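Each chain, letter by letter, is given below.
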Amino acid sequence: MTEKEFEKEIELRIAQVENGMPDIKRMQKRDYIEVGVIVFICLIGIIAGAFL
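The sections below set out a description of the structure shown in this document. (Residues numbered from 1 in each chain as written. Predicted model: local features only at pLDDT ≥ 70, side-chain atom pairs only at ≥ 80, totals over all residues. Heavy atoms only, no water.)

## Here we look at the environment of Val-37
Selection rule: For helices the rule is a DSSP run of H or I covering at least 4 residues; for strands it is a run of E covering at least 2, with both sets numbered from the N terminus onward.
You can see Val-37 is positioned in helix α2 (residues 29-50). Sequence spacing of Val-37 and Ile-47 is ten residues, and the spatial spacing of their C-alpha atoms is 15 Å.

## Points about the pattern of salt bridges
To keep things clear, this is the line we draw: We count a salt bridge whenever a side-chain nitrogen from Lys or Arg sits within 4 Å of a carboxyl oxygen from Asp or Glu. The rule is simple: take the accessible area with a 1.4 Å probe, protein chains only, and divide by the maximum for that residue type; under 20% is buried, over 50% is exposed, in between is partly exposed.
Counting across every chain of the model gives two salt bridges. Residue Glu-9 pairs with Arg-13 through a salt bridge whose shortest N-O separation is 2.9 Å. Linking Glu-9 with Arg-13, this pair stays in helix α1 (residues 3-18), spanning four residues, or about one helical turn. The exposure class of Glu-9 is partly exposed, given its relative accessible area of 29%. Glu-34 serves as the salt-bridge partner of Arg-30, at 3.5 Å between the closest nitrogen and oxygen. With Arg-30 and Glu-34 both in helix α2, this residue pair falls four residues apart, about one helical turn. Classification of Arg-30 by relative accessible area gives exposed; the value is 62%.

Written as structure tokens, this is what we have:
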């Protein structure tokens, strides 16, 4: 994929989102909690790795 094709694809997707695609949903409280848990687990792994 060339840079021009990539830019066209990005512009197309942005236009679709701006026009209100029903497939794209807003993040809910549960989604933020799940991301927080994953980030916390990764952070614990990094800290544990520093002591190995």
